[in-house]
Amino acid sequence: MLRHKLNNQAAQVLSWKQVRSAIARALGPVGFLAVLSACGGGGSSGPAPISVNISPASPQAIDATQTISITATVANDSSGEGVSWSLTGAGSLSNQTSTSVTYNAPGSMITSAQNATVIATSVADSSKSASLNITANPLPTITTTSLPNATKGLAYNQVLTESGGTPPFTWIILAGAPPNGLNFNASMASITGTPSGGGTWYFLPQLTDATGLSTQGFSLNGASGYPLSITVQATIPSGNPIPFISQPLVPDAAAPGGAGLALTVNGAGFVSGAAVNFNGTALTTTFVSSTQLTANVPASEIASAGTASVTVVNPAPGGGASNVVYFPVATPEAAVTLSNVSGSPMQTDPPSAFPVSIAVADFNGDGKPDLAVTNQNPGTITIFLGTGQADGTFTEPASSPITLQTVPFSAGLPQNPGLTLVGDFNNSGNPGLAVLQASADNVAILFGNGNGSFTQSTATAYTQGCPSGLAAADFIGNGNVDLVVTNSCGAALAFLLGYGDGAFTYEPASPPAMDGGCLVGGDFNGDGKLDLACALYDEGSATTFVYVLLGNGDGTFTQVPGSPITITGVIGGALIAGDFNGDGKLDLGMTTGPSLNEGSTPGAVYIFLGNGDGTFTPASGSPIAVGIEPGPIAMADFNGDGKVDLAIGNVMSNNVTLLLGNGDGTFTEATGSPFAVGRGPGALAVADFIGSGRLGLAVVNYYDRTISILVQQP
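Residues numbered from 1 in each chain as written. Predicted model: local features only at pLDDT ≥ 70, side-chain atom pairs only at ≥ 80, totals over all residues. Heavy atoms only, no water.

Observations regarding the overall build of the protein chain
So, step 1. Of the regular secondary structure elements, the protein chain holds one helix and 63 strands.
So, step 2. Against the 2.2 N^0.38 benchmark of 27 Å for 714 residues, the protein chain shows a C-alpha radius of gyration of 40 Å, more extended than a compact globule.
So, step 3. The principal-axis extent of the C-alpha atoms belonging to the protein chain is close to 165 × 55 × 50 Å.
So, step 4. Of the roughly 28,900 Å² of accessible surface on the protein chain, 53% is carried by carbon and sulfur atoms.
So, step 5. A distance of 42 Å separates the average location of the 14 positive side-chain charges in the protein chain from that of its 41 negative side-chain charges. (Helix = DSSP H or I, 4+ residues; strand = E, 2+ residues; numbered from the N terminus. Rg over C-alpha atoms; globule rule 2.2 N^0.38 Å. Areas by Shrake-Rupley, 256 points an atom, 1.4 Å probe, with all protein chains shown as cover. Lys, Arg positive; Asp, Glu negative; His and termini not counted. Charge placed at Lys NZ, Arg CZ, Asp CG, Glu CD.)

In structure tokens form, the structure reads like this:
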């Protein structure tokens, strides 16, 4: 029976083979395969294989400390389990999920390129994976730490170098500039050209690599951001000095309509051939010595009321015009009354800024006094051009306010400018400005264009240590303005040699052991060379020291025997130098506040009479009581009696004290003094703002952010 069944099955199999063969013969090969497919013949295909893809897929290059976000996709993975991540080489992985991961490059301490491979492996099929190759480069670094000196008139070519980072690189000069005549080629990172002027120029290069990471300046002791500098060596030709006029003129005022007069001008740096200019007109001048000139002022120059600008001009080579001293022409008066002009106080610009300093000069050449007001927060300079009208009004040109440029060695720091002085720093014949920037270790230089606008020098005057005092004059005697700075940190006294192009070279002076302080210049020993007096306060001993430094005529100074003058229990403020007793020798005045209860106890002015050899003697009646926290001090003959008077801004009393000189080194407070101004009178400037022949004051009110214009009405 069993055999019968097997035989029947075999017969059935043979029958199917016969059938299939018959179909194949009838349809041919192609038709036969189609029938098999339709009938499910030929077996069945398995599931598609798993594959892993990673993004980014191409090799990557980044810098140390940077990261890359990586994603993976798994095709034909019905499990949805995604991938597992692994790393070979440098760096680390974080934020791992089944589809993404973050690669973290090694830290900033690597010094050479590091390689890494990130691998994504399918969880469902560990034989399937994808990988990403990564190169981690050291951080980009500017490796040029110094540049060789250049020479004026000779070709110069230097290339800045770098290491680390991911190319390609982009270079720019972020702040400052190469010297005049040299250019920076960003594509080649090269400085080329022919220098056209002397001095030291600072600039801050910035390097950015392909990843967008930037570095500024070179690194020192692990910190970047140090600027590069190029000193252009230039022979400064010998020439005549820029003269300096001491106050007062003798006489220092005249009544209108009188006869011509003989004018004596005292100062320093006078040479044979020098001319006294009276409102720009050269007078017949007699050279007496390097410290004195006499000139004849014709009656026509003083025929009517007004205020003349007196300068001394030395002939070329070198030479140039001195500082301006005003000569009032008005009837003398016993009493002085100062009052605000219409529209005073004026708002500074921008209104949010805090005015801290003020300078007066004729910036647009129209013969009328203008103002430059220096502001903090932001660091700007507001220019007010005087109209010379009886209402004492000013106009602000379109070029104002001026925003001070970023300083290359203090990029990113607030400008916080301060004391501002007038000077011709590029020998253009136009008054410019020097602005002390304590937080930036710099003196900003602005060239006057002669029309009320200014151009900032691309050079920076590096002071090397928290500058607090500034003097600008020709201390070398070669026809260029130099700078002397006192520093509260670093070198106590710095001499910045001027080249007449707005650039300077830092030269440590021969300072005493002092720390910052206020400066005033003058010829204290009558040798025709400019000297310095510096006041500073030592908190530890509650003592103010007044140093007297005699100029050697070469940018160095010698401390006078017996210097400093010491005053215990007071905080020294501003200094001023003038002849207060008419003996032809410069004296000193200094504002002070008490070391205790400074903000509520009245301060005083100390007067020291010069002996003509650099030493000083306290004057009779000194100190003179004034207001609370006296700060700025100015001098002029306010009542036209031929004697020097003093004006003092009392910062916490919100007023100005006027002390009328008696001509013997003593002073008497004027009737009606003190005169009210705004809050925080921190700076003063003297001029005749209404053309009356009587001098007035421009007062910076720090807390009110205003400027008061006080005049004497005719």
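Let us keep going from here.
Quick notes on the environment of N279
So, step 1. Counting through the fold element by element, N279 comes out in the loop between β23 (275–278) and β24 (281–282).
So, step 2. The class for N279 is partly exposed, based on a relative accessible area of 46%.
So, step 3. Between the alpha carbons of N279 and F327 there is a distance of 9.6 Å; along the sequence they are 48 residues apart.
So, step 4. Look past the residues within four positions of N279 in its chain and what remains in contact with it is T307, A308 and S309. (Buried < 20%, exposed > 50% of the residue type's maximum accessible area, 1.4 Å probe, protein only. Contact = heavy atoms within 4.5 Å.)

Overview of the sheet that holds strand β1 (residues 51–55)
So, step 1. Spatial ordering of the open sheet is given by β1-β3-β6-β5, a layout of four strands whose pairing is antiparallel. Of all strands in the sheet, those with a lone pairing partner are β1 and β5 (92–94), marking the two edges. Taken over all neighbouring pairs, the strand axes of this sheet differ in orientation by 30 degrees on average, direction set aside.
So, step 2. Summarising the sheet, β1 and strand β3 (residues 67–75) pair through five bridges and their orientation is antiparallel. Looking at β3, one finds that N53 is bridged to T73. (Pairing = 2+ DSSP bridges. Axes fitted to C-alpha atoms, helices over the stretch in contact; angles between N-to-C directions.)

Considering unusual backbone geometry
So, step 1. Looking along the chain, the bond that leaves A316 and enters P317 is cis, with omega of 0 degrees.
So, step 2. Along the chain, P317 falls in the loop between β27 (306–314) and β28 (320–321).
So, step 3. The step from S673 to P674 runs through a cis peptide bond, and the omega angle for that step is 5 degrees.
So, step 4. Its identity is not glycine, yet N377 carries a phi of approximately 50 degrees, on the positive side.
So, step 5. Within the element layout of this structure, N377 appears in the loop between β33 (370–376) and β34 (380–386).
So, step 6. On the accessibility criterion, N377 (43% relative accessible area) is partly exposed.

With respect to the packing of aromatic side chains
So, step 1. In this structure the tally under the stated criterion is twelve aromatic pairs.
So, step 2. Considering the side-chain rings of Y606 and F608, the 6.3 Å spacing of their centres and the 15 degrees angle between planes classify their relative orientation as stacked.
So, step 3. Y606 gets classed as buried once you look at its relative accessible area, which sits at 16%.
So, step 4. Members of the aromatic cluster, each reached through a chain of ring pairs, are F354, Y702 and Y703. (Phe/Tyr/Trp six-rings, centres within 6.5 Å; stacked < 30°, edge-to-face > 60°.)

Focus: the nonpolar core
So, step 1. With 36 residues, the main nonpolar core has I358, L371, F638, L658, F689, L697 and I709 as its most contacted residues.
So, step 2. Contributing elements (two or more residues each) for this core: β33, β56 (630–636), β58 (655–661), β61 (681–687), β62 (696–701) and β63 (706–711).
So, step 3. Broken down by element, the residue count for this core peaks at five residues, all from β61.
So, step 4. Counting residues in each nonpolar core, the second largest holds 21 residues, with L283, V310, V325 and F327 among its members. (Core = buried A, V, L, I, M, F, W, Y, C linked by side-chain atoms within 4.5 Å.)

Thoughts on the pattern of salt bridges
So, step 1. Tallied over the full model, the rule gives three salt bridges.
So, step 2. Notably, a salt bridge pairs D125 with K128, separated by 3.2 Å at the nearest N-O pair.
So, step 3. With relative accessibility at 23%, the residue D125 sits in the partly exposed group.
So, step 4. Taking the shortest distance from any N to any O, the salt bridge between R679 and D704 comes out at 2.6 Å. Taken together, the residues R679 in the loop between β60 (675–676) and β61 and D704 in the loop between β62 and β63 connect sequence positions 25 residues apart.
So, step 5. Residue classification places R679 among the partly exposed residues on the basis of a relative accessible area of 44%. (Salt bridge = Lys/Arg side-chain N within 4 Å of Asp/Glu carboxyl O.)

Notes on the sheet that holds strand β15 (residues 190–193)
So, step 1. If you walk across this open sheet you meet the three strands as β11-β15-β14, and the pairing is antiparallel. Either end of the sheet is taken by a strand with one partner, and the two such strands are β11 (156–159) and β14 (182–185). Taking each pair of neighbouring strands and ignoring which way they run, the sheet shows an average axis angle of 20 degrees.
So, step 2. Relative to β15, β14 is paired through four bridges, and the arrangement is antiparallel. Bridging across to β15, N185 finds its partner in S190.

Some remarks on the environment of L93
So, step 1. Mapping L93 onto the fold places it in strand β5.
So, step 2. Sequence-wise, L93 and Y103 are ten residues apart; in three dimensions their C-alpha atoms are separated by 4.8 Å.
So, step 3. In this view, L93 contacts W85, S86, L87, V101, T102, Y103, N104 and V118; residues no more than four positions away in its chain are not counted.

Observations regarding the environment of V644
So, step 1. With respect to the secondary-structure elements, V644 resides in the loop between β56 and β57 (645–650).
So, step 2. Sequence separation between V644 and G526 is 118 residues; the distance between their C-alpha atoms is 20 Å.
So, step 3. The contacts of V644, once residues within four sequence positions are left out, are P248, D252, D579, F580, M635, A636, G661 and F667.

A closer look at the pairing of β58
Two faces, one strand: in a regular strand the side chains alternate between the faces of the sheet.
So, step 1. β58 sits mainly inside the fold: seven of its seven residues count as buried.
So, step 2. Burial along β58 is two-sided: N655, T657, L659 and G661 facing one way and V656, L658 and L660 facing the other are all buried.
So, step 3. Bridge count between β57 and β58: five bridges; the pairing is antiparallel. Residue pairing across strands places N650 opposite N655, the latter belonging to β58.
So, step 4. Hairpin connection between β57 and β58: a loop of four residues separates the two successive antiparallel strands, and N654 in this loop has a positive phi of roughly 60 degrees.
So, step 5. By the bridge criterion, three bridges tie β58 to strand β59 (residues 667–669) in an arrangement that is antiparallel. Residue G661 lies in a different strand from β59, and its bridge partner there is F667.
So, step 6. Where β58 folds back onto β59 in an antiparallel hairpin, the turn is made up of five residues, including G663, whose phi is positive at roughly 85 degrees.

Focus on the side chain of N442
So, step 1. By secondary structure assignment, the location of N442 is in strand β39 (residues 442–448).
So, step 2. Assessed through its relative accessible area of 1%, N442 is described here as buried.
So, step 3. Within polar-contact distance, the side chain of N442 engages the backbone nitrogen of A461 at 3.0 Å.
So, step 4. With sequence-adjacent residues up to four places away left out, N442 is seen in contact with V407, F409, V435, L436, Q437, T460, A461, Y462, T463 and P467. (Polar contact = N/O pair within 3.5 Å; in protein donor to acceptor, adjacent residues only side chain to side chain.)

A word on the pairing of strand β7 (residues 114–122)
So, step 1. Where strand β4 (residues 83–89) lies against β7, seven bridges are found, and the strand directions are antiparallel. Note on β7: the bridge partner recorded for V83 is S122.
So, step 2. As defined by bridge partners, β7 adjoins strand β8 (residues 129–137) across eight bridges and the pair is classed as antiparallel. Within β8, the residue paired with T121 across the bridge is S129.
So, step 3. Two successive antiparallel strands, β7 and β8, enclose a turn made up of six residues.

Topic: the side chain of N655
So, step 1. The residue N655 is located in strand β58 in this model.
So, step 2. A residue is classified by how much of its surface remains accessible, and N655, at 13% relative accessible area, is buried.
So, step 3. Of the polar contacts made by the side chain of N655, one reaches the side chain of N650; its length is 2.9 Å.

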